[in-house]
Structure formats: structure tokens, C-alpha cells
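# Examination of the molecular architecture
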Amino acid sequence: MLELALRAAREAGALLLANLGRRIEVSHKGPIDLVTEMDLASEALITNLISTHYPRHSILAEEQGSSGAGDGAEYCWIVDPLDGTTNYAHGYPCFCVSIAVERRGEVVVGVIYDPTRDEMFVAERGAGATLNQRPIRVSDTSPLDSALLVTGFPYSIAEEKFTNLDHFRDFSLAGRAVRRDGSAALDLCYVACGRFDGFWELALRPWDTAAGALIAIEAGGQVSKFDGRSFDIRTPECLATNGRIHDEMIAVLQKRRQ
Ligand code: IPD
Ligand code: CA
Ligand code: CA
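Calculation notes
- Residues numbered from 1 in each chain as written.
- Chains lettered and ligands numbered in written order.
- Predicted model: local features only at pLDDT ≥ 70, side-chain atom pairs only at ≥ 80, totals over all residues.
- Heavy atoms only, no water.
- Salt bridge = Lys/Arg side-chain N within 4 Å of Asp/Glu carboxyl O.
- Helix = DSSP H or I, 4+ residues; strand = E, 2+ residues; numbered from the N terminus.
- Buried < 20%, exposed > 50% of the residue type's maximum accessible area, 1.4 Å probe, protein only.
- Donors = N, O, S within 2.8 Å, 3.2 Å for Na, K, Ca; no water.
- Pairing = 2+ DSSP bridges.
- Near = heavy atom within 4 Å.
- Polar contact = N/O pair within 3.5 Å; in protein donor to acceptor, adjacent residues only side chain to side chain.
- Areas by Shrake-Rupley, 256 points an atom, 1.4 Å probe, with all protein chains shown as cover.
- Nonpolar A, V, L, I, M, F, W, Y, C, P; charged D, E, K, R; others polar.
- Domains from an automatic or database assignment.
- Axes fitted to C-alpha atoms, helices over the stretch in contact; angles between N-to-C directions.
- Contact = heavy atoms within 4.5 Å.

Pairing of side chains with opposite charge becomes possible as their charged atoms draw close. Per the stated rule, a full pass over the model turns up 13 salt bridges. Put simply, Arg7 and Glu11 hold a salt bridge, and the shortest N to O gap is 3.0 Å. Pair noted here: Arg7 and Glu11 are both in helix 1 (residues 2–18), with a separation of four residues, about one helical turn. Taking the relative accessible area as the measure of exposure, Arg7 reaches 40% and is therefore partly exposed. Look at Glu11 and you get partly exposed, because its relative accessible area is 34%. The residue Arg103 makes a salt bridge to Glu74 at a minimum N-O spacing of 2.7 Å. One end of the pair, Arg103, is in strand 6 (residues 96–103); the other, Glu74, is in the loop between strand 4 (65–68) and strand 5 (75–83), and 29 residues separate them in sequence. Look at Glu74 and you get partly exposed, because its relative accessible area is 28%. Taken together, the shared-partner salt bridges in this structure form one network comprising Lys29, Glu62 and Glu63.

Spelled out as C-alpha cells, the structure:
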């Protein structure tokens, strides 16, 4: 399964890269939520490979939803064929392919490929995490005021009461700096390899976090909900850190909950 995930991520990433900057068809899922023909082409490539090799597995993919063998299957593949669609549509080279394999509700394999840098992040549960086959570890940065943080905003930002802008302000003042890169899956990988010290986001979907959360955990990171309770890929909030600044980040996130 890991071999197939690697192959699918590499082939889909090459397809995305080959078409970057080309005039591509873009349609809207919401006012600012885009889907391009390349999201669809990448997803078709990946899901065809999976269903050909593993017809008894189920698949949860962003654009087409659930397919394959259905709910009772032992394994479920969770696929984001293009994480960073807005970046991609604007030719901003920060996007990736994310593929995870879940076994009876537990993510056991995570693969994230950034074709612009030819960086392949991989984790298997219990076996550590790697970047281009070299082991990676989270940073040892602390306290929070020395930390480089990253976050993202939901597409529904203009319609929601809780938009993350308050947290963005709080962390901009409490941390060293905050970035907004536009790919949650890569944000998690960058926590895993120590480029970022902490990541939070409040409205994510399973395909955004399934592979990245495992990669961060296997690299020695800590991943939870905003109040410290256990993380679950099917609930929207995610806090991922190097472990050393986790409690400080929880304290900042909780300020807005009173
Ligand atoms: C989005 C990106 C972005 C995050 C959004 C996600 P997409 O995924 O990961 O960084 O802020 O919440 O929906 O739509 O580019 O696959
Ligand atoms: Ca995504
Ligand atoms: Ca996507």
C-alpha cells in the first residue's frame, strides 16, 4: 500500500506540475472555493490506481466523496488530490498531493508530495517519518515567543462568526511570526521537519489532515484539538506543534472561548 501511495502521489504531482501556469478551467464550489480541472484530473489518476490495485478498499476523496468498497471495508484511502488549490490556480508554487491509508479507523500510512520542490514526506504508524527517505524530527524551539507559526482560513471566512482572525492576531503578538501558506497538508509536514514550530486551523476536513497529522506525530510532534483533547481527522480543528509550545498554544486558543 505504501508503494502504491508513493507511486500515485508522484504521478499526480508530476501531472500538477506539468500544468502549473497553463490556462486551466476553474469553477467555484463556493464564492472563493475553487475547483480546477487539475483537482479532478489528479483525483481521477489516484483513485483509478487505488481501485485497480485494491478493489476491496474504500476511498474518501475530496472531489468525488466516498467510493470503492464502502463502509465495511477494512481499509479506507483518504485523498486530497491537490491541497492548495487557490495557490495552484494563481500559479503560486505551494501545493501538494496528500494520500493516507486508514485501517479500521486508524491512519497507518501518510504520504504527501510537493512536486515543486520534489519533496516526498512519508510516515508509517510506529515507524517514524521521513523526507526524501531521510528521518525527520520536529524542532526544539520554545518558548512561544521564539516560534514560527502557520495557519489557514476556511473558505467560508466571509460568512462565519468565528473566522480565525482573532487567533491570527493573538498568535502574531505571542509568537515570533505567523505565516499563511495555503496548504494545510504541507503546513503539517513543515511542523514535522522543523520548518514551522506550530500550526493551528479550525475548519479542516479529513483529506486535509489524515496524512499530515500522522507525519507530524511520527516526527515526534504533538497533535490535538484546540483544548488539548485527542485529535480526530473527522473533527474540524487541529493543533499540531513540536510538543514544547503545545500548552502555550492551547492557552492562547482558549482565550477566545470564554
Ligand atoms: C485548503 C488548504 C488551505 C486551508 C483550507 C483547505 P484545498 O485545501 O489546505 O491551506 O486553509 O482550509 O480547505 O481546498 O486547497 O484542498
Ligand atoms: Ca485540502
Ligand atoms: Ca484539495
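Attention now moves to the coordination of the calcium ion (ligand 2). Those donors, Asp80 (OD), Asp83 (OD) and Asp208 (OD), are the protein atoms that reach the calcium ion (ligand 2), and they lie 2.1 to 2.2 Å from it. Sequence spacing of the donors to the calcium ion (ligand 2): D-x2-D-x124-D. The metal-metal distance between the calcium ion (ligand 2) and the calcium ion (ligand 3) is 3.7 Å, with Asp80 serving as a donor to both. One exposure class covers both Asp80 and Asp83, and it is buried.

Judged by how many residues are buried, strand 8 (residues 119–124) sits mostly within the fold: five of six residues are covered. Counting the residues that bridge the hairpin from strand 7 (residues 106–114) to strand 8 gives four residues, and of these Asp118 lies at a positive phi of roughly 50°. Pairing of strand 8 with strand 9 (residues 129–131) involves three bridges; the strand directions are antiparallel. Looking at the pairing, Val122 lines up with Thr130 of strand 9. Adjacent in sequence and paired antiparallel, strand 8 and strand 9 are bridged by four residues, among which Gly126 carries a positive phi angle near 85°.

The subject of this paragraph is the site of ligand 1. Taken together, the neighbourhood of ligand 1 is formed by 16 residues, with Asp83, Gly84, Thr85, Tyr155 and Glu201 sitting nearest. Contact distances for ligand 1 include 3.3 Å between an oxygen atom and a side-chain N or O atom of Asp80. Between ligand 1 and Phe153, the relevant distance is 3.5 Å, taken from an oxygen atom to a main-chain nitrogen or oxygen of the residue. Notes on ligand 1: free accessible area 380 Å², of which the protein chains cover 94%. A per-element tally of the shell around ligand 1 places strand 5 first, with three residues. The residue makeup of the shell around ligand 1, split by class, is five nonpolar, five polar and six charged. Two domains each put at least three residues into the shell around ligand 1: domain 1 (2–135) and domain 2 (144–257).

With that settled, consider the coordination of the calcium ion (ligand 3). Between any two of four tetrahedral donors, the ideal angle at the metal is 109.5 degrees; between two of six octahedral donors, it is 90 or 180 degrees. All of the protein donors around the calcium ion (ligand 3) are Glu62 (OE), Asp80 (OD) and Leu82 (O); their distances to the metal are 2.2 to 2.4 Å. On the primary sequence, the residues serving as donors to the calcium ion (ligand 3) are separated as E-x17-D-x1-L. Classification of Glu62 as partly exposed rests on a relative accessible area of 22%.

Here we take up unusual backbone geometry. Omega for the peptide link from Ser142 to Pro143 comes to -5°, which places this bond in the cis form. Structurally, Pro143 can be placed in the loop between strand 10 (134–135) and strand 11 (148–151). You will see that Arg104, though not glycine, has its phi angle at about 45°, which is positive. Locating Arg104 in the fold gives a position in the loop between strand 6 and strand 7. Relative accessible area serves as the criterion here: at 61%, Arg104 is assigned to the exposed category. Of note in the backbone geometry, Asn132 takes a positive phi value of approximately 45° without being a glycine. On the secondary structure map, Asn132 appears in the loop between strand 9 and strand 10.

Take the sheet that holds strand 15 (residues 238–241) next. Judged by pairing direction, the sheet is mixed, and its five strands sit side by side in the order 12-11-13-15-14 without closing on themselves. This sheet does not close on itself; its edge strands, each paired only once, are strand 12 (177–179) and strand 14 (222–224). Shown here is a sheet whose adjacent strand axes are inclined to one another by a mean of 15°, direction ignored. Pairing analysis gives three bridges linking strand 11 to strand 12, with the strands arranged parallel. Bridge assignment links Val150 to a residue of strand 12, and that residue is Arg179. Sheet contacts for helix 7 (residues 246–255): strand 11, strand 13 (198–201), strand 14 and strand 15; angle to strand 15, the most-contacted strand, approximately 150°.

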